[in-house]
Amino acid sequence: MAALEVRHLSLVRGDYEVLHDISLTVEPGETLGIIGPSGSGKSSLLRCLNRLEEPAPGTVFLYGEDITTLPVVALRRRVGMVFQQPAMFPGTVADNITYGPSLRGEALAPERVKALLDMVLLGPELAGRPAAELSGGQAQRVAIARALANEPDVLLLDEPTSSLDPIATRTVEETLAALRERLGLTLVWVSHAVEQARRVADRVLLLDGGRVVALDRAERLLDPQTGDERALAFAQGDSNGLHHEATNRARPGRPAVSAEET
Amino acid sequence: MLNDTFNTIDAALGNLTDLPRIGLALLLVILAAGISRWQRADLERDLAVAAARAFVQLIAIGYLLEVIFNQDNPLWTTALLAVMIGIAARTAGRRGRQTPAASRVALLSIGIGSVLTLAVLIVAGVFDYTPQAIIPIGGMIIGNAMTVAAQVMDRMAVDLHDQRALIESRLALGATSRQASHQQFRRALRNAMIPHIDTTKTTGLIKLPGAMTGMILAGASPLAAVQLQLIVMYMLVGAVTFTGLIAAYLTYRAFFTGAHQLKALAPSSGAAA
């Protein structure tokens, strides 16, 4: 059974359709990458999966259960989320990591905090450090550990490295790769960088104008010779072929893709 | 019948015995306008409008109060309180309009906070339900409730907006909306209450409060004046706390959905109503 399944999900905000008829599945242990121009609905799609945005009933399923029928607090413990900017709570690193369990009156043992820090490749001495003093990369890894403390089935990642420098980006990627290995965690990873999606994802979804443009295995979708031309155009920083842009110029050797087709 | 009305107006105008003194005090406004012109502060028009409005509004309310005091009918007093609450709610609702359903939040918090405070004072026997007591006291309570409601709504809207990332991080970890916005709730309430607590602490040291100044000017003994002032200060602490708490609660409720989702700010161009 799919860890996550999205069936014909649309999302309207005001009179603007943010997402249009999205369908996809994410298998247990899989990493699904989501790419697309800014404003294409990547974050909105992710936020529907833990109900920070409200999906219509019968459109999002977690291990076969309609998520709108689950208690929302319980859902968010099972579907964790890491945001672009790691917002650290006041207090120490340990205070941050124990926050989720503390909400339901559970005290997390110090050994467990250290084990969680170890999972995100941070030393145990960090536990007592004020969270406000961390570097961006450390804070983002604490944010991941904080989400893991709830023992989620699925982790949603909303451009988790886009505010980080290349070295911190690499450590966060390595952290998440290690977690997949160790915990068999299912990841849905929105990325601003196609290269990153190619590195980390099993399958990649290209989203544009709130619609699924392409969804395939990362290496097939992004193969330089045989890959999806719209995905490749986007990878080259050329979103002219995408619905998102009003103009769409034809390029030599490649037919123009009209807005209507996408 | 018509003659009666004229006689009443004549009598009423005859009551404005202080017009010469008001005229002399107006000299200060004229002087201010002169300074504004000299310094090109460009406030002459505003000064004229302000002075004229203050005159018309206060004379009108004075007559209205005369009528209501003479009726000595609790229904009239109650009706006037309701009008005051309505105007205060409109004003506060407009200032806090980034809050979803701002008018409703303002009306409920000011209304409940004020009525609750008045009820405590009346039930405890501090004041009788007479227009002479309830209207000025109610005015002070409602005025302060209005300021506090607007401050709480405004501060919470700004904080919930600015700290969206922090709040959504908490929600995403399974916090309820109450747990996720606890800090913002607390800060908005403190922010609105602290000025009142500070005023209460320093009262008499820096300036004599309004009610007391009025009583002394009207010839009451300073000791009588301070005793009433103490009642007023304590009652305002109560009014501000009740209203602030209700406003903070309703504002937080207005900003979250039942599924613990944080709503966006209400569009500031939108009507307050």
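Scroll up for the structure.
Residues numbered from 1 in each chain as written. Chains lettered and ligands numbered in written order. Predicted model: local features only at pLDDT ≥ 70, side-chain atom pairs only at ≥ 80, totals over all residues. Heavy atoms only, no water.

1. Notes on the overall build of chain A
Quick reminder of the rule: Secondary structure follows DSSP: runs of H or I at least 4 residues long count as helices, runs of E at least 2 residues long count as strands, and numbering of each begins at the N terminus. Between the two quantities, the radius of gyration covers C-alpha atoms and the globule rule is 2.2 Å times the number of residues to the power 0.38. Buried means the residue's accessible area, taken with a 1.4 Å probe over protein chains only, is under 20% of the maximum for its type, while exposed means over 50%, and partly exposed covers the values in between. Contacts are residue-level and defined by heavy atoms, with any inter-residue pair within 4.5 Å sufficient. This count recognises Lys and Arg as positive and Asp and Glu as negative, with His and chain-terminal groups excluded. By convention, the point assigned to a charge is CZ for Arg, NZ for Lys, CD for Glu and CG for Asp.
When its secondary structure is counted, chain A shows nine helices and ten strands. In summary, chain A has a C-alpha radius of gyration of 19 Å against a globular reference of 18 Å for 262 residues, a match within 12%. Along the three orthogonal principal directions, the C-alpha set of chain A runs to about 60 × 40 × 35 Å. Here chain A holds 262 residues, and the buried ones make up 54% of them. Long-range pairs, those at least 24 residues apart, make up 65% of the contacts in chain A between residues at least 6 apart in sequence. Computing the positive centroid from 27 side-chain charges and the negative centroid from 36, chain A places the two 2 Å apart.

2. With respect to the overall build of chain B
Cut-off, in case you're wondering: Note that accessible areas follow from Shrake-Rupley with a 1.4 Å probe, and for residues the cover is restricted to the protein chains shown.
Of the regular secondary structure elements, chain B holds eleven helices and zero strands. Overall, chain B shows an N-to-C arrangement of helices and strands of α-α-α-α-α-α-α-α-α-α-α. The principal-axis extent of the C-alpha atoms belonging to chain B is close to 70 × 55 × 50 Å. Counting every position in chain B, which comprises 273 residues, the buried fraction comes to 33%. For chain B, the share of sequence-separated contacts (at least 6 apart) that also reach a separation of at least 24 residues comes to 72%. When the accessible area of chain B is evaluated, it comes to approximately 15,600 Å², of which 66% is carbon and sulfur surface.

3. Considerations on the interface of chain A and chain B
Test applied: Once two parts are brought into contact, the accessible area they lose, counted with a 1.4 Å probe and summed over both, makes up the buried area. Any Lys or Arg side-chain nitrogen found within 4 Å of a carboxyl oxygen on Asp or Glu counts as a salt bridge.
Each partner contributes residues to the interface: chain A has 23 residues there, and chain B has 17 residues. For the pair chain A and chain B, the summed buried surface comes to about 1,700 Å²; carbon and sulfur atoms form 58% of the total. Together, Arg76(A), Tyr99(A) and Leu103(A) form the three largest contributors to the area buried by chain A at its contact with chain B, with a combined 29%. Between the two partners, chain A and chain B, sit one salt bridge.

4. A short note on the sheet that holds strand 7 (residues 154-158) of chain A
Residue and element names in this part refer to chain A. Let me state the cut-off plainly: By definition, two strands form a pair when at least two bridges between them are found by DSSP. To obtain an axis, a line is fitted to C-alpha atoms, over the contacting stretch when the element is a helix, and the angle between two such axes runs from 0 to 180 degrees between their N-to-C directions.
Spatially, six strands are ordered 6-7-8-3-9-10 in an open sheet, and the strand pairing comes out mixed. The open sheet has two free edges, formed respectively by strand 6 (79-82) and strand 10 (211-217), since each of these has just one partner strand. Each strand axis lies, on average, 15 degrees off the axis of its neighbour in the sheet, ignoring direction. By the bridge criterion, four bridges tie strand 3 (residues 31-35) to strand 9 (residues 203-208) in an arrangement that is parallel. Bridge pairing links Ile34 to Leu205 in strand 9. Contacting strand 3, strand 6, strand 7, strand 8 (186-190) and strand 9, helix 1 (residues 42-49) runs over the sheet at an angle of about 155 degrees to strand 7.

5. Some details on the packing of helix 4 (residues 74-95) of chain B against helix 6 (residues 131-162) of chain B
Packed helices, taken two at a time, are described by the angle between their axes plus the distance between the axes. Residue and element names in this part refer to chain B. Note the threshold: In what follows, roughly perpendicular refers to angles from 65 to 115 degrees, roughly parallel to angles under 35, roughly antiparallel to angles over 145, and oblique to any angle outside these ranges. Each crossing gets its hand from how the near helix is turned against the far one by less than a right angle, where anticlockwise is left-handed and clockwise is right-handed. Put simply, Ala, Val, Leu, Ile, Met, Phe, Trp, Tyr, Cys and Pro go in the nonpolar bin, Asp, Glu, Lys and Arg in the charged bin, and everything else, Gly too, in the polar bin.
Contact geometry of helix 4 with helix 6 gives a least axis separation of 9 Å together with a crossing angle of 15 degrees. The orientation of helix 4 with respect to helix 6, classified from their angle, is roughly parallel. Helix 4 and helix 6 meet at a crossing whose hand is right-handed. Facing helix 4, whose interface residues are Thr77, Leu80, Leu81, Met84, Ile85, Ala88, Thr91, Ala92 and Arg95, helix 6 presents Pro131, Ile134, Ile135, Gly138, Gly139, Ile142, Met146, Thr147, Ala149, Ala150, Met153 and Asp154. Residue composition of the contact of helix 4 with helix 6, by class: 14 nonpolar, five polar and two charged.

6. With respect to the pairing of strand 2 (residues 16-26) of chain A
Residue and element names in this part refer to chain A. Pairing between strand 1 (residues 4-13) and strand 2: seven bridges, direction antiparallel. Residue pairing in the sheet places Leu4 in a bridge with Val26 of strand 2. Here strand 1 folds back onto strand 2 in antiparallel fashion, the turn holding two residues, of which Gly14 has a positive phi close to 65 degrees.

7. Some thoughts on the pairing of strand 1 of chain A
Pairing geometry for strand 1 of chain A and strand 4 (residues 60-62) of chain A, over three bridges, is antiparallel. If you follow Leu4(A) over to strand 4 of chain A, its bridge partner there is Leu62(A).

8. Points about the packing of aromatic side chains
One pair of aromatic rings is described through two measures. These are the centre distance and the angle between the planes. Residues and elements named next belong to chain B. Here is the rule we go by: Ring pairs are drawn from Phe, Tyr and Trp, using the six-membered ring of Trp, whenever the two centres fall within 6.5 Å, and their geometry is named by plane angle: stacked under 30 degrees, edge-to-face over 60, tilted for the rest. Ring-over charges, as used throughout, are those where CZ of Arg or NZ of Lys falls within 6 Å of the ring centre and within 35 degrees of the ring normal.
Applying the stated criterion across every chain yields a total of three aromatic pairs over all chains. With a centroid separation of 5.9 Å and 55 degrees between ring planes, the pair formed by Tyr252 and Phe256 is classed as tilted. For Tyr252, a relative accessible area of 8% translates into the label buried. Among the aromatic residues, those joined into a ring-pair cluster are Tyr249, Tyr252 and Phe256. In this structure, Arg178 is placed above the aromatic ring of Phe185, and the distance from its NZ or CZ to the ring centre is 4.4 Å. Across the ring face of Tyr252, the terminal group of Arg178 is positioned such that the distance to the ring centre comes to 5.7 Å.

9. Quick look at the packing of helix 5 (residues 102-123) of chain B against helix 11 (residues 222-255) of chain B
Residue and element names in this part refer to chain B. For the pair helix 5 and helix 11, interaxial distance at closest approach is 8 Å and the crossing angle is 150 degrees. Compared by their axis directions, helix 5 and helix 11 come out roughly antiparallel. Crossing hand, helix 5 versus helix 11: right-handed. Judged by residue contacts, Val105, Leu108, Ser109, Ile110, Ile112, Gly113, Ser114, Leu116, Thr117 and Leu121 of helix 5 engage Met235, Gly238, Ala239, Phe242, Thr243, Ile246, Ala247, Leu250, Thr251 and Ala254 from helix 11. Within the contact of helix 5 with helix 11, the residues separate by chemical class into 13 nonpolar, seven polar and no charged.

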